[in-house]
2 protein chains.
Amino acid sequence: MAGISNNEIKRVKALQQKKVRDESGLFIVEGEKMVQEALDSPFAVEAVYRKYEIGEDAMKRISALSNPSPALAVVRKPSDAYVDDLSAFDAALSEGGLYLALDSIRDPGNLGTILRIADWFGIKAVFATGDTVDLFNPKVVQATMGAIFRVRMHYVDLPALTRKVLDKGGKVYGTFLDGQNMYERPLDNGMHSPSVIVIGNESEGISDEIAGLVSDRLYIPPYPADQPGSESLNAAIATAITVAEFRRR
Amino acid sequence: MAGISNNEIKRVKALQQKKVRDESGLFIVEGEKMVQEALDSPFAVEAVYRKYEIGEDAMKRISALSNPSPALAVVRKPSDAYVDDLSAFDAALSEGGLYLALDSIRDPGNLGTILRIADWFGIKAVFATGDTVDLFNPKVVQATMGAIFRVRMHYVDLPALTRKVLDKGGKVYGTFLDGQNMYERPLDNGMHSPSVIVIGNESEGISDEIAGLVSDRLYIPPYPADQPGSESLNAAIATAITVAEFRRR
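Residues numbered from 1 in each chain as written. Chains lettered and ligands numbered in written order. Predicted model: local features only at pLDDT ≥ 70, side-chain atom pairs only at ≥ 80, totals over all residues. Heavy atoms only, no water.

*Asks:* Sorry if this is basic, but what is going on with the overall build of chain A here?
*Replies:* The secondary structure content of chain A amounts to eleven helices and nine strands. Taken over C-alpha atoms, the radius of gyration comes to 20 Å for chain A, in line with the 18 Å a tight globule of 249 residues would show. In terms of its C-alpha atoms, chain A occupies a principal-axis envelope of roughly 65 × 45 × 30 Å. Every one of the 249 residues in chain A was classed for burial, and the buried ones make up 59%. Summed over all atoms, the accessible surface of chain A reaches about 10800 Å², with 49% contributed by carbon and sulfur. Side chains of chain A give 28 positive and 34 negative charges; the mean places of these two sets differ by 5 Å. (Helix = DSSP H or I, 4+ residues; strand = E, 2+ residues; numbered from the N terminus. Rg over C-alpha atoms; globule rule 2.2 N^0.38 Å. Buried < 20%, exposed > 50% of the residue type's maximum accessible area, 1.4 Å probe, protein only. Areas by Shrake-Rupley, 256 points an atom, 1.4 Å probe, with all protein chains shown as cover. Lys, Arg positive; Asp, Glu negative; His and termini not counted. Charge placed at Lys NZ, Arg CZ, Asp CG, Glu CD.)

*Asks:* In this structure, what is going on with the sheet that holds strand E3 (residues 71-76) of chain A? I would like to understand it.
*Replies:* In a beta sheet, neighbouring strands pair by backbone hydrogen bonds and run either parallel or antiparallel. All names here are of chain A. One open sheet accounts for three strands, arranged E1-E3-E2; its pairing is antiparallel. With partners counted over all chains shown, the strands left at the sheet margins are strand E1 (26-30) and strand E2 (45-50), one partner each. In this sheet, adjacent strand axes meet at a mean angle of 20° when their direction is disregarded. Pairing analysis gives five bridges linking E1 to E3, with the strands arranged antiparallel. In the sheet register, Ile28 faces E3, and the bridge partner there is Val74. Running over the sheet, helix H3 (residues 32-40) touches E1, E2 and E3 and is turned about 155° from E2. (Pairing = 2+ DSSP bridges. Axes fitted to C-alpha atoms, helices over the stretch in contact; angles between N-to-C directions. Contact = heavy atoms within 4.5 Å.)

*Asks:* What's the story with unusual backbone geometry in this structure? I'm lost.
*Replies:* The step from Tyr223 of chain A to Pro224 of chain A runs through a cis peptide bond, and the omega angle for that step is -15°. The topology assignment puts Pro224 of chain A in the loop between strand E9 (216-219) and helix H11 (235-247). Here the phi dihedral of Met145 of chain A falls at roughly 50°; this positive angle occurs in a residue that is not glycine. Examined against the element boundaries, Met145 of chain A turns out to sit in the loop between helix H8 (138-143) and strand E6 (153-155). In this structure Met145 of chain A comes out as partly exposed when scored by relative accessible area, which is 39%. Even without a glycine there, the phi angle at Ser104 of chain B is positive, about 70°. Along the chain, the position of Ser104 of chain B falls in the loop between strand E4 (97-102) and helix H7 (108-120). According to the relative accessible area criterion, Ser104 of chain B is buried, its value standing at 11%.

*Asks:* Would you mind going over the environment of Met153 of chain B with me for this structure?
*Replies:* Relative to the assigned elements, Met153 of chain B resides in strand E6 (residues 153-155). Ignoring any residue separated from it by four or fewer positions in sequence, one finds Met153 of chain B in contact with Asp80, Ala81, Leu102, Leu111, Leu115, Val126, Ala128, Thr132 and Leu135 of chain B.

*Asks:* Whenever I open this one, the packing of helix H7 (residues 108-120) of chain A against H11 of chain A confuses me. Can you help?
*Replies:* Geometry of a packed helix pair, given as the angle between the helix axes and the separation of the axes. All names here are of chain A. The interhelical angle for the contact between H7 and H11, taken along N-to-C directions, is 10°, at an axis separation of 9 Å. Considering their axes alone, H7 and H11 lie roughly parallel with respect to each other. Between H7 and H11, the contacting residues are Asn110, Thr113, Ile114 and Ile117 on the first element and Ala235, Ala236, Thr239, Ala240 and Val243 on the second. Here the residues of the contact of H7 with H11 are counted per class, giving six nonpolar, three polar and no charged. (Parallel < 35°, antiparallel > 145°, perpendicular 65-115°, else oblique. Nonpolar A, V, L, I, M, F, W, Y, C, P; charged D, E, K, R; others polar.)

*Asks:* Could you clarify how one ought to interpret the pattern of salt bridges in this entry?
*Replies:* Where charged atoms of side chains with opposite charge meet at close range, the side chains can pair. Counted according to the given criterion, the structure contains 34 salt bridges over all chains. Among the salt bridges present, the one from Arg217 of chain A reaches Asp178 of chain A, with a minimum N-O distance of 2.9 Å. Of this pair, Arg217 of chain A sits in strand E9 while Asp178 of chain A sits in strand E7 (residues 171-181), and the two are 39 residues apart along the sequence. Between Glu37 of chain B and Lys33 of chain B there is a salt bridge, with its nearest N and O atoms 3.6 Å apart. Highlighted residues: Glu37 of chain B and Lys33 of chain B, both in helix H3 (residues 32-40), separated by four residues, approximately one helical turn. Judged by its relative accessible area of 16%, Glu37 of chain B falls in the buried class. (Salt bridge = Lys/Arg side-chain N within 4 Å of Asp/Glu carboxyl O.)

*Asks:* Can you walk me through the interface of chain B and chain A in this structure?
*Replies:* One frequently used descriptor of interface size is the decrease in accessible area upon assembly of the parts. Taken together, the 35 residues of chain B in the interface contact 35 residues of chain A. The interface formed by chain B and chain A contains two salt bridges. Here Glu245 of chain A ties to Arg248 of chain B by a salt bridge, and the two come within 2.3 Å at their closest N and O atoms. For the pair chain B and chain A, the number of links is seven residue pairs in polar contact (both at pLDDT 80 or more). Put simply, the parts of the chain that give the side of chain B that touches chain A at least two residues each are H3, H7 and helix H11 (235-247) of chain B. Partitioning the side of chain B that touches chain A into residue classes produces 17 nonpolar, eight polar and ten charged. (Polar contact = N/O pair within 3.5 Å; in protein donor to acceptor, adjacent residues only side chain to side chain.)

*Asks:* Sorry, what's going on with the sheet that holds strand E2 (residues 45-50) of chain B here?
*Replies:* Residues and elements named next belong to chain B. Ordered by their spatial adjacency, three strands build an open sheet running E1-E3-E2, and the pairing between neighbours is antiparallel. The open sheet has two edge strands, strand E1 (26-30) and E2, and neither has a second partner. Sheet twist, expressed as the average angle between the axes of neighbouring strands with direction ignored, equals 20°.

*Asks:* Just checking my understanding: could you explain the confidence of the model for chain A for this structure?
*Replies:* Atomic detail in the predicted coordinates should be set aside for any region of low pLDDT. Overall, the prediction assigns chain A a mean pLDDT of 95, with 97% of residues at 70 or greater. Under the prediction, the complex receives an ipTM of 0.92, its pTM being 0.94. (pLDDT = per-residue confidence, 0-100.)

*Asks:* In this structure, what is going on with the environment of Phe127 of chain A? I would like to understand it.
*Replies:* Residues and elements named next belong to chain A. Counting through the fold element by element, Phe127 comes out in strand E5 (residues 125-128). Overall, the relative accessible area of 1% leaves Phe127 in the buried class. When the C-alpha positions of Phe127 and Asp107 are compared, they lie 16 Å apart, and in sequence the two are 20 residues distant. Ignoring anything within four residues of it in the chain, the contact list for Phe127 reads Phe89, Tyr99, Leu100, Ala101, Leu102, His154, Val156, Leu158 and Leu161.

*Asks:* Would you mind going over the environment of Pro68 of chain B with me for this structure?
*Replies:* Residue and element names in this part refer to chain B. Relative to the helices and strands, Pro68 resides in the loop between helix H5 (56-62) and strand E3 (71-76). For Pro68, a relative accessible area of 23% translates into the label partly exposed. Separated by 26 residues in sequence, Pro68 and Ser94 place their C-alpha atoms 44 Å apart. Discounting chain neighbours no more than four positions away, the residues touching Pro68 are Met59, Lys60 and Ser63.

*Asks:* How should the relation of the copies chain B and chain A be read in this particular structure?
*Replies:* Copy one and copy two of the chain differ by a rotation about a common axis and a shift along it. When chain B is brought onto chain A, the operation consists of a screw motion whose angular component is 180° and whose axial shift is 0.0 Å, with 0.0 Å RMSD remaining. Such a combination of rotation and displacement between the chain copies is what one expects of a two-fold axis. Residues of chain B ranked by C-alpha distance from the rotation axis are headed by Ile241 of chain B, positioned 2.6 Å from it. With an isologous cut-off of 70% or more, the 100% of interface residues of chain B that recur at the interface of chain A puts this contact in the isologous class. (Least-squares fit on C-alpha atoms with pLDDT ≥ 70 in both.)

Structure, rendered in structure tokens:
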């Protein structure tokens, strides 16, 4: 049985903390399927630990899960996760495409689910404010079910990115209670210029600064349209319904 | 300051256990907004505890939340949560309507989110297998954001219920990887006969028994349609996209 030193256990376990992930540029991935997807992806896998090699006790100590899985990998973060110079996106945005912009999504499960939606519907990239929950948080990583290895996500100055999209003749969509019925208007899929769909924070919605940059205010109508008692939809649910409609033929 | 006895604290706290909820017919609701919605609903509220009355320590002891809210209510479960005699639904089903059928949904967050979707889109009732997560589990209650007080949910013999829908000339829809593109076929909104949308378990999908009763197999197409790397969609996300499409004008 290959061993793992106490120091190594401590180093891996410490990757559950954002500060340590930021300093090291590493994060952890758990589960046979996820570890295999990491190995098959362009991401650099620094180490793989398997229960049958390091033992159950060590696995429990390095795992972020309440039920440790048989495999855990330490993976290097992609170099384009945090982008300061937005001109890096000039070429991609000039080609158009459909993008998501996350305005302070805080729930790890929501972010993971949104990445799965982006994966399913071929979203070109996901942009997010710096205060959006960390993509490399173990709960987010697991909730992506592997989408983290296929969808490009970038933490950026979101208002500046949004202005750049508008400058390129693109559209910025957002859902609001006083928006226009999504089914009664054309939606630009990004064939010629970039289209961005903004997803607001779980309790606060879209921030005033970003709301001021939204060019097209949308609304997902409830049923019946005048239904009185209904509450709002969850952020990931609103994302799913909106993105599906953009991708509908 | 009104007090709360140790025995009362124990009784309220015990409602976090399913066995105790089943025996007592009670469940707990937390948060000012949710407690107010309970009071405004047809549900019978047995007691309301407020932090300023019972003190912070007692509130912490009775709360199921890591951050106890200022208010907690003990509420009686509706009498139609568990229905053995399916003829109780004969009249409602004969009028038609759009229903959901949950086939072993296990994640509390998913069930809560599905109730919110049902609320938003005016679903007539939600049916579920007995092994679906308990609606009155505190995590589910909180995740419904109040939809629990507006959407009727019934634990039933789901295959028998499904057969009853077919007997009444209704349709039973389910999503499958080999189903028909949802956007390329008519979807019956339940105007004349009942329509049921089956939602499968998070990892296993729709069980063989229920799958054999599905009359219309649907598929949510990814984008692009031949996209190779994409994973499946989360159960609540697939529910949202499907239900929105049924309700679309």
